[in-house]
Amino acid sequence: MENIRYTTKETIESLCRKLKLPKPHEYSQDWEDEVMDSQRIEEFIECYQKQTMNEDEKFTLMVIIINSCDDALSNESLDMESWRKVRALLLNDRDIHKETIDYWSAEEIEDVEDCFAITPLIREIKKEVL
């Protein structure tokens, strides 16, 4: 059975400190969705690249980054140079992000019009990972 990676309380606390992100509220379920910010994509990428982080922190930060990119792409404001950096991080750390790539590729849905805005870009990455 595969190990499934989850965001931990320790990881959230660490990323809140490193990125000055709001802490989850009492009934928060999808903190990574709550703190995504399409205006901070470059800052998130820089943190991922330059901060000392364990795999759990990289996993969670990448979920935030992809959420942010998806939002930017939905609003037609995704800087493709930023996306190239994200793509390189996903490919470089593919073992950490396999589940994330699987989730955002939404393979069970054939028509990409019914998927996340970022799904076509993630599917390209998934082809390279296989």
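This is a predicted model, so every value here is computed, not measured. (Residues numbered from 1 in each chain as written. Predicted model: local features only at pLDDT ≥ 70, side-chain atom pairs only at ≥ 80, totals over all residues. Heavy atoms only, no water.)

Attention shifts here to the confidence of the model for the protein. Confidence in the prediction of the protein, expressed as mean pLDDT, is 93, and 97% of residues score 70 or more. Mean pLDDT across the secondary structure elements of the protein bottoms out at helix α7 (residues 119–129), with 93, and peaks at helix α3 (residues 41–50), with 98. (pLDDT = per-residue confidence, 0-100. Helix = DSSP H or I, 4+ residues; strand = E, 2+ residues; numbered from the N terminus.)

Attention now goes to helix α1 (residues 9–19). Thr11, Ile12, Ser14, Leu15, Cys16 and Leu19 are the residues of α1 that are buried. Within two residues after α1, Lys20 carries a phi angle of roughly 55°, on the positive side. (Buried < 20%, exposed > 50% of the residue type's maximum accessible area, 1.4 Å probe, protein only.)

The next subject is the packing of helix α5 (residues 80–92) against helix α6 (residues 94–105). Put simply, α5 and α6 touch, their axes get as near as 6 Å, and they point 110° apart. With respect to each other, α5 and α6 are oriented roughly perpendicular. Residues Leu89, Leu90, Leu91 and Asn92 of α5 form the contact with α6, whose own contacting residues are Arg94, His97 and Ile101. Taken together, the residues of the contact of α5 with α6 break down into four nonpolar, two polar and one charged. (Axes fitted to C-alpha atoms, helices over the stretch in contact; angles between N-to-C directions. Parallel < 35°, antiparallel > 145°, perpendicular 65-115°, else oblique. Contact = heavy atoms within 4.5 Å. Nonpolar A, V, L, I, M, F, W, Y, C, P; charged D, E, K, R; others polar.)

A separate point is the nonpolar core. Counting 32 residues, the largest nonpolar core has Leu21, Leu61, Trp83, Leu90, Ile118 and Ile122 as its most contacted members. Those elements that provide at least two residues to this core are α1, α2 (31–35), α3, α4 (55–74), α5, α6 and α7. If one sorts the elements of this core by residue count, α4 sits on top with seven residues. Apart from the residues lying within four places of it in its own chain, the contact partners of Trp83 are Cys69, Leu78, Leu90, Ile118, Leu121, Ile122 and Ile125. (Core = buried A, V, L, I, M, F, W, Y, C linked by side-chain atoms within 4.5 Å.)

What follows deals with the pattern of salt bridges. Tallied over the full model, the rule gives eleven salt bridges. Note that Glu57 is salt-bridged to Lys18, the shortest N-O span being 3.3 Å. Taken together, the residues Glu57 in helix α4 and Lys18 in helix α1 connect sequence positions 39 residues apart. The salt bridge partner of Glu81 is Arg84, with a shortest N-O separation of 3.2 Å. Within this pair, Glu81 and its partner Arg84 are both found in helix α5, separated by three residues, close to a single helical turn. What makes Glu81 partly exposed here is its relative accessible area of 39%. Residue class for Arg84 comes out partly exposed when judged on its relative accessible area of 47%. Among the charged side chains, a network of salt bridges with common partners joins Lys98, Asp102, Glu107 and Lys126. (Salt bridge = Lys/Arg side-chain N within 4 Å of Asp/Glu carboxyl O.)

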